[in-house]
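Here is how the chains run, residue by residue.
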Amino acid sequence: MIAIATEPGGDGYLGFTQRFASTAKGWDQALCTHWVSAWIRASGSGAMDYRPWRHGLLIGVDHPVETGRSPPEPATLQALLAERWGAYLALEVDEPRRQIRLMRDPSGRLECWRLQLSGVDIFFSHWDDVAAAACTRFTLNWDYIHYHLHNDWDQGAETACKEIEEVIRGQAVFYENGQSRTELLWRPDQIAEDSYATLEEARFGIRKAAELVVRGWASRYQRIGVNLSGGLDSAIVLGLLTKAANHPDIICINHGIEDAEGDEVRYARDAARFNNVKLDEVTITIEDARSTPSFSRRLFRPTMRMMSLGYDRVGTDFVTRHDRQALFTGSGGDHVFFDNLGVLAACDYRRRHRRLADLPGLLRTVHGLAQVSRDTVWRAALLVVLDQVGVGSRRNSIGGAYDARYLTEVGRRLPDHRRFEHPWSRLARESAPPAKRGQMESFVDLQRHYYRYGFADAADETHPFMAQPMLEAGLRTPAYWFAANDRQRGLARTTFADVIPASIRDRRTKSYNSSHWRAVVAQKLPEFRSVLLDGYLVERGLVDRNVIDRELTASGLSGDGAFGMLITCLTTELWIRQAERDHDLVP
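Presented here is an overview of the structure given in this document. None of these values were measured; they are calculated from a predicted model. (Residues numbered from 1 in each chain as written. Predicted model: local features only at pLDDT ≥ 70, side-chain atom pairs only at ≥ 80, totals over all residues. Heavy atoms only, no water.)

1. Here's the deal with helix 8 (residues 265-275)
In step 1: For helix 8, the set of buried residues is V265, Y267, A268, A271, A272 and N275. Projected down its long axis, helix 8 shows its buried positions confined to an angular sector of 160°, all on one face.
In step 2: Looking at the buried side of helix 8, the elements it contacts are helix 7 (232-243), strand 14 (250-257), strand 15 (278-284) and helix 20 (502-506).
In step 3: Of the residues flanking the end of helix 8, it is N276, one or two places downstream, whose phi is positive at about 55°. (Buried < 20%, exposed > 50% of the residue type's maximum accessible area, 1.4 Å probe, protein only. Helix = DSSP H or I, 4+ residues; strand = E, 2+ residues; numbered from the N terminus. Arc of directions from axis to C-beta. Contact = heavy atoms within 4.5 Å.)

Encoded structure:
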């Protein structure tokens, strides 16, 4: 928790810090000046590392980008971004000039919320830590809720509580003489402009970044678990843990799903045998999903994790039985290695290769991308022509709700996405070529993966592919290279071919868990009907009660329907109710 005075000599800062200090059992006061105080939880759940830095603090974990030597301490926030990576908040204090700078690292692994009270700004990760000292009541941000129903991934600083905002990943908050401003110091558009010159350079850069982050995170733990789904990304993480990090104590879990489409366990077994590690096979059933997790205390926005799918229970049981300190996953690989690459990437090629002599290369790229995305050459060619004449080169991040059938006429009106969108989305729209723009926007969505399903709060959930060096390597790679050898994610398959079994390297299918989602909703149907029919979204006039009553039935769930929109409405309503209970939130 960090408190920063915004009124010199005012009672707000002094009063809050005194109230917090009186209840801060198990906390270290790591910094105390006339302008800023910082407390770090030193023991128990949520304990964090910290160390002095630049007359301030580094809170969390940081690693050097160059291994094998001890580089000097970075002198500025920009130098910190260039020379270190990890999961941290950096606090820099210049007491004589009355200047304070707070920056959140680009991975966003540590939550950082901002509450502005009279005379004091408070930055924190978990509301329970500061609730007693803050003495405030929250108001539901209905404008944000309306936006969230249309777009649940492109989220900027605003939250579902009017009084709380989020410090964006890679953003710094500057204070001088009690006045504050924000600045985005880590800019994905600038990193993408510094692209790799050759495909081989891209392979080398991605492999170097992957080994760096896996070794870095692995060095922190003696006993590691791996969520081995059977897919490409988790297999790469496991392969790097055993062959690059040489970690001696790894146990994997494959959580098969009772109602999933496809069988992933055979691929997980192949990866476990390839790396000579133990695999714990567990099937998640509907019974595992009976609980409703209380998650509004941690997040100030609705999240899919509000509806348990059983991952929490299974993950906690796994790390407890096997005494794992961390659970590594392959989350983020779809984004970094550009899983949803389409023919639009041909436009990126044309922008990079404008000479007539480059035409054969453009034709080869168009053909390969059409093959990978199962699209047509003619559509790819049309997109290239339209991009060349400046038609369709920009698109809004918000394209409307998945399917607006559950919304009223008021609910269907599109909010102003520019107010709520993440600044990375704006930068992508303004400067990036079309396909790279899509990848940059997908990096915004990565934040949700920290809270998407939930798996092991009993251990550190670690996502190497969501670390800053991996984000930067993905950004620097021209989009069309990700389909190397005319294969979906061909670049990743060839770059890591030596650390994954051939069965996973060569597979062309992927399983999903949408049937499990439907089964969970069906099992709790009476409860969920009551939640939505008598909920705040209906009362506010955003969700149509008659449509919910007609379509949220056993027969309605069996069809395709607007299931994504239904889940968004349901998890939003669950979040509002929990926040009302946990935070005394005023709907």
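Having put the structure on the table, let's press on.
2. Examining the packing of helix 22 (residues 525-533) against helix 26 (residues 563-583)
In step 1: Running from N to C, helix 22 and helix 26 point in directions that differ by 75°, and their axes come no closer than 10 Å. With respect to each other, helix 22 and helix 26 are oriented roughly perpendicular. Within the contact between the two elements, helix 22 uses F528, S530, V531 and L532 and helix 26 uses L566, C569, L570, E573, L574 and R577.
In step 2: Its residues placed into classes, the contact of helix 22 with helix 26 shows seven nonpolar, one polar and two charged. (Axes fitted to C-alpha atoms, helices over the stretch in contact; angles between N-to-C directions. Parallel < 35°, antiparallel > 145°, perpendicular 65-115°, else oblique. Nonpolar A, V, L, I, M, F, W, Y, C, P; charged D, E, K, R; others polar.)

3. As for the packing of aromatic side chains
In step 1: Under the criterion given, the structure shown has 21 aromatic pairs.
In step 2: Ring centres 6.2 Å apart and planes at 25° place the aromatic pair F16 and F20 in the stacked group. With a gap of four residues between them, F16 and F20 both fall in helix 1 (residues 11-23), about one helical turn apart. The same class applies to F16 as to F20, namely buried.
In step 3: The aromatic ring of F174 is capped on one face by R181, whose charged end is 4.4 Å from the ring centroid.
In step 4: One cation-aromatic arrangement involves R518 over F563; the distance from NZ or CZ to the ring centre is 4.4 Å. (Phe/Tyr/Trp six-rings, centres within 6.5 Å; stacked < 30°, edge-to-face > 60°. Lys NZ or Arg CZ within 6 Å of the ring centre and 35° of its normal.)

4. Let's talk about the sheet that holds strand 11 (residues 171-176)
In step 1: An order of 4-5-6-7-11-12 is seen for the six strands of this open sheet, with the pairing classed as antiparallel. Only two strands of the sheet have a single neighbouring strand rather than two, namely strand 4 (50-53) and strand 12 (179-184). Neighbouring strand axes in the sheet, compared pairwise and without regard to direction, differ in orientation by 30° on average.
In step 2: Strand direction decides the pairing type here: strand 6 (residues 84-94) and strand 7 (residues 99-104), joined by six bridges, are antiparallel. (Pairing = 2+ DSSP bridges.)

5. Details of the environment of L117
In step 1: You can see L117 is positioned in strand 8 (residues 113-117).
In step 2: Along the backbone, L117 and L238 are 121 residues apart, and their C-alpha atoms lie at a distance of 46 Å.
In step 3: Once residues within four sequence positions are removed from consideration, L117 is found in contact with I122, A134 and T136.

6. Considering the pairing of strand 5 (residues 56-64)
In step 1: Most of strand 5 is tucked away: eight of the nine residues are buried.
In step 2: Across four bridges, the pairing between strand 4 and strand 5 is antiparallel. Across the sheet, the residue bridging to R51 is L58, located in strand 5.
In step 3: A loop of two residues connects strand 4 with strand 5, the two strands running antiparallel in sequence, and R54 in this loop sits at a positive phi of about 50°.
In step 4: Of the pairings in the sheet, the one linking strand 5 to strand 6 comprises eight bridges and is antiparallel in character. Its bridge partner being in strand 6, H63 is matched across the sheet by W85.

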